[in-house]
Amino acid sequence: MPDKMHIKVTVNGQDEEFLAEPRELLIYALRERLNLTGPHVGCETSHCGACTVIVNGKSVKSCTMFVGQANGAEITTIEGLGSPDALHVLQETFREHHGLQCGFCTPGMITRAHKLLEENPNPTEEEVRFGMAGNLCRCTGYQNIVKSILAAAAQMNGAQEAAE
Amino acid sequence: MKDEVESRDDRVANLKGLGSARKRVEDVRFTQGKGNYVDDIKLPGMLHGDFVRSPYAHARVKSINIDAAMALDGVVAVLTAKDLEPLSLHWMPTLAGDKQMVLADGKVLFQGQEVAFVVARDRYVAADAVELVEVDYEELPVLTDPFEAMKSDTVLREDLEDGADGAHGPRRHHNHIFLWEEGDKAATEEVIDSAEVVVEEMVYYHRTHPCPLETCGAVASMDKVNGKLTLYGTFQAPHVVRTVASLLSGIEEHNIRVVSPDIGGGFGNKVGVYPGYVCSIVASIVTGLPVKWVEDRMENLMATAFARDYWMQGKISATKEGKITGLHCHVTADHGAFDACADPTKYPAGFFHICTGSYDIPVAYVGVDGVYTNKAPGGVAYRCSFRVTEAAYFIERMIEVLAMELNMDAAELRRINFIRKEQFPYQSALGWEYDSGDYHTAWDKALTSVGYDDLRREQAERVEAFKRGETRKLMGIGLSFFTEIVGAGPVKNCDILGMGMFDSCEIRIHPTGSAIARLGTISQGQGHATTFAQILATETGIPADSITIEEGDTDTAPYGLGTYGSRSTPVAGAATALAGRKIRAKAQMIAAYLLEVHDDDVEFDVDRFVLKGAPERFKTMKEIAYAAYNQAIPGIEPGLEAVSYYDPPNMTYPFGAYVCVMDVDVDTGTTDIRQFYALDDCGTRINPMVIEGQVHGGLTEALAIAMGQEIAYDDLGNCKTGTLMDFFIPTAWETPNYVTDHTETPSPHHPIGAKGVGESPNVGGVPAFSNAVHDAFRAFGLRQAHMPHDHWRIWQIANDLGLHD
Amino acid sequence: MIPAPFDYYRPTDIAGVIALLEEHGDDARVMAGGHSLIPMMKLRMAEIPHLIDLQDVAGLGGITIDGSEIRIGAMTTQADLIDHEGLAAAAPILREAALQIADPQVRYMGTVGGNVANGDPGNDMPGLMQCLDAQFTLVGPDGERTVAARDFYEAAYMTARTDEEVLTCVSFTAQPGGAAYEKQKRKIGDYATAAAAVQLTREGSTCAAASIAMTNLSDVPVWSPAAGAALADTPVDDSAIKAAVDAALADIDPTEDNRGPVKFKRHVAGVILTRAIKSAWARA
């Protein structure tokens, strides 16, 4: 059995250290070691996006990344996007526009949408659909997810303008 | 006083009751990643289970050697059928009266079948140990085609006594499961034989899979000290699971607690009992430690319950004017290796005999032959009531084919055959009593909304342009009018493993006027915590925001049959309304006492009881609740609680009218959905926002099924569609926007008139998408082409019609 | 889906990578973004006892544009390609192709080097690089060498790269004229049913030269010199396009899979190639 690796990561602003087998997937390290059960395992072949987190500023499917690859990285999960007292705009608009049903895809969906709005703060509907195409949902038919993201963009841009 | 200044409208709005687009209470958790799904559960000392599965579709298992696996550090146990046999758990009953191997007993019958169960310290060791279990197989001939299976000498189920009856009567071949018939065969054949117009067609609804984003899983925890088993799992029917677990294991039912935590989508996949659940329980009993089993996506697609796989041979007859006179259908149903259909016991083909659809058809016959093959077992209701999607697809294809034969517009053919409003309650030729409907109004609204006549004109122009060589794209207008049958069901007709299909609600009003209600159902994303509180708010006058809804824990919730077949609203929703009414009846007595008047002198008004004729004298529900606990009221027990078990007098019959407009590229087989209009009538509308979301989601699953999603096998029985690369689930990019609309025809027998909606869009959506593809080629003579309509199959249609020449 | 155990290495220079490859031979594999390799490892279709992660290796990133000479480091991701404005100006077909690969998350991890080196016939970059006549730089124990993309692919997952070599960069000379990448797939995230890369140069109203390659229509990418020649010195009219398509179809050898039977694939290949030629010509 190969030696365990000493892994150091920063997750949602917290420094974390642990020993892990190199083959451990990032999604399991987050879920089982750090108890961050927001990101989920859906397909395991990088098609569904339920495991989406942000690693060093990139949207990443954490079922297709070994924990060793993430060693030293800064990671953000759904748990790091908002807090019960200060929800992320997307967390509010997803609820407002019924952008979720069973909730299983939602953490990955919102985490990806967060990054999408950083890449493109003012997307068209088509750009949202293309930019969210790495995340599958079986419940909503996407229409309200798209609506939720466009609403979040509008709110964030409105807040930006108000601040300027 | 605040109450004094609040208008009645304000008080109604404050309740967030029926009809309110109330925001979902579940979402607060889900959007923050604080859902609690099975794989999130972590118990001290928990072990992990993983399966050794068969690579072959049909083989004899000559030997299983577990030595190398057991020798691996961290492996605790490897279970095989031999270990389960002394407990009589190597086979288990299916929901359809058949039995199914839990672990391979002498042979395997489908690829991916469970052969051995490895239990280890963690999921990594378990996966390694799976590789070390040595199984010696001897391959046997494979049957993947049900028609071949009915002719073959190869016996699939050697455990069944040759010639003996099955659970649903005589079996006429060793690979035959049942013949189930309904309707008047002789009369139907007579009508068809002498009809002016008859069309005959084989309509195949291919094998697919519900594929919820969360796979199936369980955590079993046997507490040997006090003899209690706790089982967490992805169960759409937790109470039934408890009963089955008790019957199978011999553990008394009060010592079993089954918990369905949050469920990441079900769509029928999580109704049945799978070997993984049984093995987790046994492993926990054997080891004395909690055992988790969560399947991966390939296992989910290859081994858990599939849906559909119905070969429907239909004949429909009509007058020259287009009045339908008779319908005949024979189905060859591929059930796979075990009959594990999720159907009420009496109905081995579910409610397929709703296949006369929305039409007034005087005489009809249906016969369904169930057949064993070397494929995974199942036959579940994937986002539909039992076999209703198959039925709706069948009749909506037959109507289109008949319209072609009659050279009639398919919309008009539907219109002249619809059951008329005044015919309800309507007795169908196949034995159903349709509760209510107004099909003509819905149809006219739909056709007007989409500008149907203009679409047909545009389509005709497109065909001409195509013939002139100016375009390579054809245009299809997909029509669908469906009638669902949901809310199983009257206990006299419907049971699952002997459990009558009632459902239940138990309400406790707290002294301060808030409440908790528990139901026998379980949400998998439908938003029960939101909508059931709305029903109660309207019934009891307690704001929905002050009502907690709880489901899924068999230690606390009243017994119910669970959530599938759009039964939650029709059955548990009715129980909820009736329990609410019991609360209200007692509250009325308390209010009268407090106001020092007779019970009959007060009446309910939104959130209070008022003195008739003097509404300034009233007691709010909040005041009444407090009084129920702090006053000694003569002749009335303290407390304010109610329980209702509801046995519905009939099913409910939601319906809808869908139109899909699609461009089809003849050269590549690609399609572009330009427009999709969905009108749903689900009776009384509880929460329009939730209804719209259900329709969007159901339509997208219909899109997937119609346009590409399938479970396909090669000739050796290898599953070719085991990952999400090949099993088609559309992304946001391939999914169109939908326009939703409604009419509202309440159910006359449901306490609040609601009919259920979650499955309608899948039932009606598939024919709409498929009919659009067919319709695009109607001008060139296409009568019937099998789904899924993926690129190459659409291209094949065009190729067969000579459109590439 | 759990991969078999392996040792993980993250060297910081090429010498370190090559030393590991020499030490472990067949038992070692380099990994860039991992989005082809990791699913194979999880399915236990690839067992790799020694996994060498290239993410920290110096000198493997970056896009440099020197006049018409373009050099793309192997660890450049598809997302990097898409975001690079200079590249989009110099060789827009790369962005066009990259946007048709996988989905946003996968494009953040998937690299040009991994895509071309893996030898997966479904990957889009190999055909594109053959069309562009790119050169692959390989570094091994015996130093550096370059292999033309058109000579690199031998069979599915079999390439001219030896086990001890690492593909470090892709370079090509941007051509004037028009180019296009057309791809038909079942959905976002799928491999091509058929895809075509076309580059052509225009002189007045005729095509001076053309290069055509196709993806996922054989066990290797198919560069068809005959198809290119069929367009040269023509006005790229219907008969020339037909000749080019016929020539390309003679060079492909698709197999049946879930995307469809051979006859369908050949037909779609012709349609997609026709569209790519028309699109490239319109841009030329």
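Conventions used here
- Residues numbered from 1 in each chain as written.
- Chains lettered and ligands numbered in written order.
- Predicted model: local features only at pLDDT ≥ 70, side-chain atom pairs only at ≥ 80, totals over all residues.
- Heavy atoms only, no water.
- Core = buried A, V, L, I, M, F, W, Y, C linked by side-chain atoms within 4.5 Å.
- Buried < 20%, exposed > 50% of the residue type's maximum accessible area, 1.4 Å probe, protein only.
- Helix = DSSP H or I, 4+ residues; strand = E, 2+ residues; numbered from the N terminus.
- Contact = heavy atoms within 4.5 Å.
- Pairing = 2+ DSSP bridges.
- Axes fitted to C-alpha atoms, helices over the stretch in contact; angles between N-to-C directions.
- Expected span 1.5 Å × (residues − 1).
- Buried area = accessible area lost by both parts, 1.4 Å probe.
- Salt bridge = Lys/Arg side-chain N within 4 Å of Asp/Glu carboxyl O.
- Polar contact = N/O pair within 3.5 Å; in protein donor to acceptor, adjacent residues only side chain to side chain.
- Nonpolar A, V, L, I, M, F, W, Y, C, P; charged D, E, K, R; others polar.
- UniProt positions renumbered as here; feature names shortened; annotations may be inferred.
- Domains from an automatic or database assignment.
- Phe/Tyr/Trp six-rings, centres within 6.5 Å; stacked < 30°, edge-to-face > 60°.
- Lys NZ or Arg CZ within 6 Å of the ring centre and 35° of its normal.

Engineer: Summarise the nonpolar core; cite the residues concerned and give the values.
Structural biologist: Counting residues in hydrophobic clusters, the biggest one holds 220 residues, and the most contacted among them are A:Ile149, B:Met312, B:Phe351, B:Phe352, B:Val368, B:Phe769 and B:Phe777. At 12 residues, the largest contribution of residues to this core is made by helix 12 (residues 388-406) of chain B. Once you skip the residues sitting within four places of it in the chain, B:Phe352 turns out to touch B:Tyr310, B:Met312, B:Cys329, B:Val331, B:Val366, B:Val368, B:Phe386, B:Arg387, B:Glu390 and B:Ala391. Of all hydrophobic cores here, the second largest spans 47 residues; its members include B:Ala517, B:Ala529, B:Ala533 and B:Ile752.

Engineer: Explain the sheet that holds strand 25 (residues 547-551) of chain B residue by residue, including any values.
Structural biologist: Residues and elements named next belong to chain B. Spatially, 25-24-23-29 is the arrangement adopted by the four strands of the open sheet, whose pairing is mixed. In the strand order of this sheet, the two ends are held by strand 25 and strand 29 (641-646), each with one partner. Strand-to-strand twist across the sheet, computed as the mean angle between neighbouring axes with direction ignored, equals 15°. In the sheet, strand 23 (residues 503-509) pairs with strand 24 (residues 515-519) via five bridges, with the strands oriented antiparallel. Looking across to strand 24, one finds that Ile507 is bridged to Ala517. Along the sheet, helix 17 (residues 568-595) makes contact with strand 23, strand 24 and strand 29, crossing strand 29 at roughly 145°.

Engineer: Break down helix 9 (residues 238-249) of chain B for me, citing the residues and quoting the values.
Structural biologist: All names here are of chain B. Look at helix 9: 16 Å from first C-alpha to last across 12 residues, which is about the 16 Å you get at 1.5 Å a residue. Of all 12 residues in helix 9, nine are buried, a share of seventy percent or more. Those residues of helix 9 not exposed but buried are Pro238, His239, Val240, Val241, Arg242, Thr243, Val244, Ala245 and Ser246. Gly250 lies just past helix 9 and shows a positive phi near 80°.

Engineer: Give a description of the interface of chain A and chain C that names residues and reports values.
Structural biologist: Taken together, the contact between chain A and chain C spans 38 residues of the former and 34 residues of the latter. Across the chain A/chain C interface, buried area totals approximately 2,700 Å², and carbon plus sulfur atoms make up 64% of it. It is A:Arg23, A:Phe66 and A:Gln69 in chain A that bury the most area against chain C; as a group they hold 24% of the surface buried on that side. Inspection of the region where chain A meets chain C yields one salt bridge. Across the pair C:Asp103 and A:Lys61 runs a salt bridge whose closest N-O atoms are separated by 2.6 Å. The interface formed by chain A and chain C contains 14 residue pairs in polar contact (both at pLDDT 80 or more). Among the secondary structure elements, those contributing two or more residues to the side of chain A that touches chain C are strand 4 (58-61), helix 3 (106-119) and helix 4 (125-131) of chain A.

Engineer: Give a detailed account of the pattern of salt bridges, specifying residues and quantitative values.
Structural biologist: The full count for this structure, using the stated rule, is 79 salt bridges over all chains. Across the pair B:Asp27 and B:Arg24 runs a salt bridge, and its minimum N-O distance is 2.8 Å. Here B:Arg793 makes a salt bridge to B:Glu710, at a shortest N to O gap of 3.2 Å. Placement of B:Arg793 in helix 21 (residues 791-800) and of B:Glu710 in the loop between helix 19 (688-707) and strand 32 (739-742) is noted, with a sequence separation of 83 residues between them. The class of B:Glu710 is buried, set by a relative accessible area of 14%. Three or more residues joined by partner-sharing salt bridges are found here, namely A:Arg31, A:Glu32, B:Asp39, B:Asp40, B:Arg123 and B:Lys292.

Engineer: Can you tell me about the interface of chain A and chain B, naming the residues and giving the values?
Structural biologist: Counting residues at the interface gives 53 residues for chain A, matched by 56 residues for chain B. Taking both sides of the interface into account, the surface hidden between chain A and chain B amounts to around 4,600 Å²; carbon and sulfur atoms contribute 53%. Counting across the chain A and chain B interface gives five salt bridges. Linking A:Arg31 and B:Asp40 is a salt bridge whose minimum nitrogen-to-oxygen distance equals 2.7 Å. Connecting chain A to chain B are 26 residue pairs in polar contact (both at pLDDT 80 or more). Counting residues per element, the ones that place at least two in the side of chain A that touches chain B are helix 1 (26-33), helix 2 (89-96), helix 3, helix 4 and helix 5 (143-163) of chain A. Grouping the amino acids of the side of chain A that touches chain B by side-chain chemistry returns 22 nonpolar, 17 polar and 14 charged.

Engineer: Account for the pairing of strand 13 (residues 206-215) of chain C, with residues named and values stated.
Structural biologist: Residue and element names in this part refer to chain C. Where strand 12 (residues 194-203) meets strand 13, nine bridges bridge the pair, whose relative direction is antiparallel. For Ala197, the partnering residue across the bridge sits in strand 13 and is Ala213. From the end of strand 12 to the start of strand 13, which pair antiparallel, there are two residues, and Gly204 there has a positive phi angle of about 60°. With two bridges joining them, strand 13 and strand 14 (residues 222-223) adopt antiparallel strand pairing. Bridge pairing in strand 14 places Ala213 opposite Trp223. If you look at the hairpin formed by strand 13 and strand 14, you'll find six residues sitting between the two strands, and Asn216 has a positive phi there, around 60°.

Engineer: Break down the UniProt feature "domain: Aldehyde oxidase/xanthine dehydrogenase a/b hammerhead" (unreviewed entry) in chain B for me, citing the residues and quoting the values.
Structural biologist: Under the UniProt annotation, "domain: Aldehyde oxidase/xanthine dehydrogenase a/b hammerhead" (unreviewed entry) lies at residues 32-141 of chain B. Counted over residues 32-141 of chain B, helix gives 17% and strand 36%. Its end C-alpha atoms are 52 Å apart.

Engineer: Tell me about the sheet that holds strand 27 (residues 608-611) of chain B, residues and numbers included.
Structural biologist: Residue and element names in this part refer to chain B. The strand order across the open sheet formed by three strands is 26-27-28, and the pairing between neighbours is antiparallel. Each end of this open sheet is capped by a strand with a single partner; those strands are strand 26 (602-605) and strand 28 (614-620). Neighbour-to-neighbour, the strand axes of this sheet turn through a mean angle of 35°, independent of strand direction. Bridging between strand 26 and strand 27 involves four bridges; their strand directions are antiparallel. Bridge pairing in strand 27 links Glu603 to Val610.

Engineer: Talk me through the domain arrangement of chain B; I want residue IDs and the actual numbers.
Structural biologist: All names here are of chain B. Under the domain assignment, chain B is made up of domain 1 (2-35 + 503-646), domain 2 (38-140 + 215-263 + 270-303) and domain 3 (389-488 + 651-800). Averaged C-alpha coordinates put domain 1 and domain 2 at centres separated by 41 Å. Contact with domain 1, which involves 22 residues of that partner, is made by 19 residues of domain 2. Buried surface at the junction of domain 1 and domain 2, both sides included, amounts to about 1,500 Å², of which 51% is carbon and sulfur. Area buried by domain 1 at its contact with domain 2 is led by Gln524, Thr554 and Tyr559, which between them contribute 38% of it. Counting across the domain 1 and domain 2 interface gives two salt bridges. A salt bridge links Asp553 to Arg257, with the nearest nitrogen and oxygen atoms 2.8 Å apart.

Engineer: Before we move on, can you summarise the side chain of B:Thr743 with the specific residues and values?
Structural biologist: Residues and elements named next belong to chain B. On the secondary structure map, Thr743 appears in the loop between strand 32 and helix 20 (760-776). On the basis of relative accessible area, Thr743 is assigned to the buried category, the value being 12%. Only 2.7 Å separates the side chain of Thr743 from the side chain of Asp681, close enough to count as a polar contact. Every residue in contact with Thr743, bar those within four places of it in the chain, is listed here: Ala442, Lys445, Phe655, Leu679, Asp680, Asp681 and Cys682.

Engineer: Could you give me a rundown of the environment of B:Val463, with the residues and numbers involved?
Structural biologist: Residues and elements named next belong to chain B. One can find Val463 in helix 15 (residues 452-467). Residue class for Val463 comes out buried when judged on its relative accessible area of 10%. Through-space distance from the C-alpha of Val463 to that of Ser20 is 46 Å; in sequence the pair is 443 residues apart. Filtering out sequence-adjacent residues up to four positions away, Val463 remains in contact with Ala779 and Phe780.

Engineer: Run through the packing of aromatic side chains, naming residues and quoting values.
Structural biologist: Residues and elements named next belong to chain B. According to the stated counting rule, one finds 45 aromatic pairs over all chains in the structure shown. Here Tyr205 and Tyr393 contribute two aromatic rings whose centre-to-centre distance is 5.3 Å and whose plane-to-plane angle is 70°, an arrangement assigned as edge-to-face. With Tyr205 in strand 10 (residues 197-208) and Tyr393 in helix 12, this pair connects stretches of sequence that are 188 residues apart. The two residues Tyr205 and Tyr393 agree in class, both being buried. Taken together, a centroid distance of 5.6 Å and an interplanar angle of 55° make the contact between Phe502 and Tyr645 tilted. Placement of Phe502 in the loop between strand 22 (499-500) and strand 23 and of Tyr645 in strand 29 is noted, with a sequence separation of 143 residues between them. On the accessibility criterion, Tyr645 (46% relative accessible area) is partly exposed. One aromatic cluster is present, formed by Tyr359, Phe418, Phe424, Tyr439, Trp443, Phe481 and Phe655 through successive ring pairs. The positively charged end of Arg207 is found above the aromatic ring belonging to Phe306, 3.4 Å away from the centroid. Above the face of the Phe618 ring, Arg608 is positioned so that its terminal group lies 4.2 Å from the ring centre.

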